[in-house]
Structures are given as C-alpha cells and as structure tokens.
Amino acid sequence: MYQRNEIMFRALQSRNFKLFFYGQSVSVIGTWLQKTAVSWMVYSITGSVFLLGLATFLSMIPSLFLAPLAGSIIGRYNRHRTMIVLQTLAMLQAGTLALLIYLKIYNITFILALSLIQGIINAFDMNCRQTMMVDIVDNKEDVANAVSLNSTITNFARIAGPAFAGIILHQYGEDICFIGNFLSYIPVLISLSLMRIKPYTKTTNQLSMIDDLIEGLDYIKKENEMGKMLLMLACSSLFVISFNTLMPVFAKDIFNGNAQTFSWFESAAGIGSIISAIYLANLKSAEKIDKIMLTASILLGISLFILAISNSLIVTLLCMVLSGIGMMGQTSSINIYIQTNSTSRMRSRSISYYLMAYQGMIPVGSLLISYVSHFFGPRTTVAIQGIICLLSVVLFIYYRKQKNSNELQTCRVHYKN
C-alpha cells in the first residue's frame, strides 16, 4: 500500500509542484462553485436551454480561436510570471461577478459578457498551466504523474464544488458561491509567489507569430498518432462531451428536481472522473495510453446511451459516474500522450492544439446540442451523442489498421527489392 501511494503521489516530491497542487486544490473548488451557480442561475432566470448553452459557449469559445495563439505567446515568455498575471485577472473577473450578484443585479447580458471575459483569460491560463508542469516537476519522468494528479484535484473539486454549491444555493443564495470563488484565488497567488523556479532564458532567433503557428501545425501533422488522437478529441468535444449542457434540463424537467438534484448529477460525473484520474496517476508508464483512451471512449459512449433512455434517478446517476470515468480517461490520456511525446520546443504549441480540440470545441458543441435538443428533445439528443462517440472509436481503429497495413506493405516491397 505504501509503495502504491509512493507511485501515485511521486510528483509531490517536487516542492514547486506541491505548492501548485495545494493552491489549486482550493481554487478549483471555487471554480466549480461558480460554474454550478452560473448554470443554475441562468436556467432559473430565463428558462431557456439556448441561453444556458450560450453561457457555456461564451466561457469556452475563446479557446477555439486563441489556443494556438496562446501556445505561441506563452512559449515566448516566463510561464511563472505569466501564470501570476493570469490568475490575478481571473480573480478580478470573479470579484466583478460576485459584486453584481451580491447587489442583486441579475442582468443576463452582464453575466454573459463576464463569461466571455473568463473564456479569454482561460484560453491563455490553461495553456500556461499545462506547459508549466515541466518547469515545476524536478524529475521529468514524473510529468505524466503530475498531469494525472492535477486532473485528480480538478475532478475532486467537481465532486465537492457542485455538492457545496447545491447546499449554498438552497440555503444562502448564489451570491455566496461567487464570493467563495473570488476568495479561492488567494491560496493560488500565495503558492505561486512561494515557488522557486529557474530564471527564464529568452530564446533567440524566434520565428514570427504566423510562422510559429504554421510550424506547430506541421508538427502535429507529422506526428501521425498525435494528429489522430487530436481529431478524436475534437469529435468528442464537439458532439459528445457537450452532453453536460443538458444536465440542468434532466435534473429540473425530466426528474422534477431542484438545485441539489443538479449538484448530484455534477458530483456523480466528478466521482467517475476522479476514479479515472487516480487510475491514470498510478500508471508506471504511458506506453499503453492509446488503449486506455479507446477503452474510455467506448465506456463514455455506452454510458450516455443508457443515460438517455433511463427513467431511474439511481441508474442515471450511475451512468453519470461511468461517463465521468470515460470522459476523464479519454481527455487525460490524450493530454498525457502529448505531454510525454512532444519535444520540449514544441510542447506549448502541441498543448495549444490539444486545448483547441478540447476546450475550443466544447462551446460549439454546447450551442449545437442546445439547438438540436429543441427539435429532438434532451433524451434523443444524448442518445445520438452516445452513438457518435462509439462510431468515432470504430473510425479511429479502422484508420489505424489501414495505416499499419500500408506500412506493412511498404516494408514488404522494400524487402523484396
């Protein structure tokens, strides 16, 4: 047991990562407090699935356009200092939203505008956060473990955050959720200020921004396996992962619940995600990460299909747990593959395309799914999403076999010659 714990938490032996880990543990709970409160508040005020999807869309769409640019910019500057600036800006955004709600200014336009500002900050923050892993982990072999542990605290917050939010929303009101998120940035800024990171050395002979972006795209194309994984992730983010947008509708309309019921849905998915993250953190190597990605994708597709047809709240919550396992297994395994297989010079740009395929596509999917559900209903929409997920796995395996077959034929031709 001791040896297993040592394997799972080995990245915490690095002082800087330990500070990052503890600071983020508080902050991400605050993030989920706000996320849950915004979703519930927008749907409660407007009763519109479209505006619910639009709020998610605006908070994430900047990643689609800014992620590649963020990867190029972040690679040119001191990531540690950049992270402090970005977290300070995020704290100011959270404080503004908290003030509006505290003053009972329930202006949907202001809320949507602040969601967009949050999305712009996150487009840079997430790239900086991911690429900084290499700087704050002493042993480079522990980078995959650091990524998994970071996912673990994020998904632990996905359990605790909505659970707290459900209680707070019911007992005290949404303003306390937003104030809590504002205060949660304080530990992050303290932990970042205590880090001791090697002085940043600015690289010389840098390419122009456009050439930088083109070079990153060419690198992804040449890394065939990485390219296929990113296409798989883009498909999942666009058509599958956005099922979360409809969960307030499931909680309120299909199961006749309240804010606490919605928090159960989010927490159930969080439980699944943290199970998956713990499993990944215990991996001794990332050699079979592609098989884990495929297995997780199959689990995600099946769980969504069952969730769509279920009339039992218990079965639905169980499906949310399984969907969390599948979703986290898919996204984190691709993240780990990129972190461990990218060259140091191309890592920030590779991560930027990962964020573009993941965070960038989700808002488009959320808006699309919200629109489609108007015509087909939430149940049919989620069932279709599950089928699309399973079809994407079939296509991934088919094209991989085609590539292997072509390589085998080429080898035989060379051998005969």
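Residues numbered from 1 in each chain as written. Predicted model: local features only at pLDDT ≥ 70, side-chain atom pairs only at ≥ 80, totals over all residues. Heavy atoms only, no water.

1. Describing the nonpolar core
Within soluble globular proteins, side chains that are nonpolar tend to cluster in buried spots.
Phase 1 of the analysis: Ranked by internal contacts, the top residues of the largest apolar core, which has 86 residues, are F178, L230, M247, F250, F265, M320 and Y354.
Phase 2 of the analysis: Among the elements that take part in this core, helix α16 (residues 313-341) stands out by supplying 9 residues, more than any other.
Phase 3 of the analysis: F20, I74, A123 and M195 belong to the second largest nonpolar core, which has 24 residues in total. (Core = buried A, V, L, I, M, F, W, Y, C linked by side-chain atoms within 4.5 Å. Buried < 20%, exposed > 50% of the residue type's maximum accessible area, 1.4 Å probe, protein only. Helix = DSSP H or I, 4+ residues; strand = E, 2+ residues; numbered from the N terminus.)

2. Things to note about the packing of helix α6 (residues 108-131) against helix α17 (residues 347-376)
Phase 1 of the analysis: The N-to-C vectors of α6 and α17 enclose an angle of 130°; their axes lie 9 Å apart at closest approach. By the angle between their axes, α6 is oblique relative to α17. Our pair here, α6 against α17, has a crossing hand that is right-handed. Across the interface between the two elements, M126, N127, Q130 and T131 from α6 touch R347, S348, I351, S352, L355 and Q359 from α17.
Phase 2 of the analysis: Here the residues of the contact of α6 with α17 are counted per class, giving 3 nonpolar, 6 polar and 1 charged. (Axes fitted to C-alpha atoms, helices over the stretch in contact; angles between N-to-C directions. Parallel < 35°, antiparallel > 145°, perpendicular 65-115°, else oblique. Left-handed = near helix turned anticlockwise from the far one by under 90°. Contact = heavy atoms within 4.5 Å. Nonpolar A, V, L, I, M, F, W, Y, C, P; charged D, E, K, R; others polar.)

3. Quick word on the state of the cysteines
Phase 1 of the analysis: This structure, assessed with the given rule, holds 0 disulfides.
Phase 2 of the analysis: In this structure C235 is not part of a disulfide, and its nearest cysteine sulfur, from C389, lies 7.9 Å away.
Phase 3 of the analysis: Residue classification places C235 among the partly exposed residues on the basis of a relative accessible area of 23%. (Disulfide = S-S within 2.5 Å.)

4. Focus on the packing of aromatic side chains
Phase 1 of the analysis: For the coordinates displayed, the defined rule picks out 7 aromatic pairs.
Phase 2 of the analysis: Each ring, one from F17 and one from F21, has its centre 6.1 Å from the other, and the planes form 45°; the classification is tilted. Here F17 pairs with F21, and both are found in helix α2 (residues 15-46), just 4 residues apart, close to one helical turn.
Phase 3 of the analysis: Note on Y371 and F375: the rings are 5.2 Å apart at their centroids and 65° apart in plane angle, and the pair reads as edge-to-face. Here Y371 pairs with F375, and both are found in helix α17, just 4 residues apart, close to one helical turn.
Phase 4 of the analysis: Ring-pair connections join several aromatic residues into one group, and the members of that group are F17, F20, F21 and Y22. (Phe/Tyr/Trp six-rings, centres within 6.5 Å; stacked < 30°, edge-to-face > 60°.)

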